[in-house]
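# Reading the structure
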Amino acid sequence: MAAEWQNAVTEALEATGFNSVVVQRNVDGIGAALRIDHRADFYAELGSLADSARFEAFLNHWWTQALADSAPDEDARERAIEFADVTVSLYARSAGGPTSTQAEIEALVAGAEAP
C-alpha cells in the first residue's frame, strides 16, 4: 500500500504542479500539520473509529485538511486541496477501488450517506 500511495503522490504532483510541502499521510504527520483548532477534532475522531475499514477515509479526509491548513494563503490552499483530491482519487484507483470526490470522502468520514 505504501508504494501505491507514493505513486499516487508522484503522479498528482506531476499532474497538478503542486510545489508545497507534502504532509505525511499518517497520524503523526497529519496531527502535526493541522491547525490547533482542527487538531482536537482529529484526535477525537481517531479515538472514536470503530473499525479499520473507515480508517482510509479518515486519513484521506484529514490529510486533505492538513494540506489545506499548511497552506500560507488562499491560493495555496486551493492548490493543496486540488492536489489532495487528485492524489486520493489516483490512490483509490490504484488500489482497485472507486474514485471519490472530497464531498463523498467527507460524508463517509462524517458517517453520512454519500451524495
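Let me begin by describing the structure that accompanies this report. (Residues numbered from 1 in each chain as written. Predicted model: local features only at pLDDT ≥ 70, side-chain atom pairs only at ≥ 80, totals over all residues. Heavy atoms only, no water.)

### Focus: helix α5 (residues 74–94)
How we decide: A run of H or I in DSSP counts as a helix once it spans at least four residues, and a run of E counts as a strand once it spans at least two, with each numbered from the N terminus. A helix is expected to span 1.5 Å for every residue after the first. Only protein chains enter the area calculation, which uses a 1.4 Å probe; residues under 20% of their type maximum are buried, those over 50% are exposed, and those in between are partly exposed. N or O atoms closer than or at 3.5 Å make up a polar contact, with two conditions inside protein: a donor-capable atom paired with an acceptor-capable one, and, for residues adjacent in sequence, both atoms drawn from side chains.
Between its first and last C-alpha atoms α5 spans 30 Å; for 21 residues at 1.5 Å apiece the expected length is 30 Å, and the two agree. Among the residues making up α5, those that are buried are A76, A80, F83, A84, T87, V88, S89, L90, Y91 and A92. Where α5 begins, one side-chain oxygen reaches toward the backbone nitrogen of D75, 3.2 Å away; that side chain belongs to D73. Downstream of α5 by one or two residues, G96 has phi in the positive range, about 85 degrees.

### Things to note about the packing of helix α4 (residues 55–70) against α5
Just so we agree on the cut-off: Throughout, an axis means a line fitted to C-alpha atoms (over the contacting stretch in the case of helices), and angles, computed between N-to-C directions, take values from 0 to 180 degrees. Reported orientations rely on four angle classes, namely roughly parallel under 35 degrees, roughly antiparallel over 145, roughly perpendicular from 65 to 115, and oblique for the rest. Should the near helix be turned anticlockwise from the far one by less than a right angle, the crossing is left-handed, and should it be turned clockwise, the crossing is right-handed. Whether two residues are in contact is decided by their heavy atoms, any of which lying within 4.5 Å being enough. Under the convention adopted here, Pro, Cys and the residues Ala, Val, Leu, Ile, Met, Phe, Trp and Tyr are nonpolar, Asp, Glu, Lys and Arg are charged, and Gly plus all remaining residues are polar.
The geometry of α4 relative to α5 is characterised by a closest axis approach of 8 Å and an angle of 155 degrees between their N-to-C directions. One finds that α4 runs roughly antiparallel with respect to α5. For the element pair α4 and α5, the recorded crossing hand is right-handed. For the pair α4 and α5, contact is made by E56, N60, W63, T64, Q65, L67, A68 and D69 and by R77, A80, I81, F83, A84, T87, V88 and Y91, respectively. In terms of residue class, the contact of α4 with α5 is made up of nine nonpolar, four polar and three charged.

Coordinates in, geometry out; function isn't part of it.
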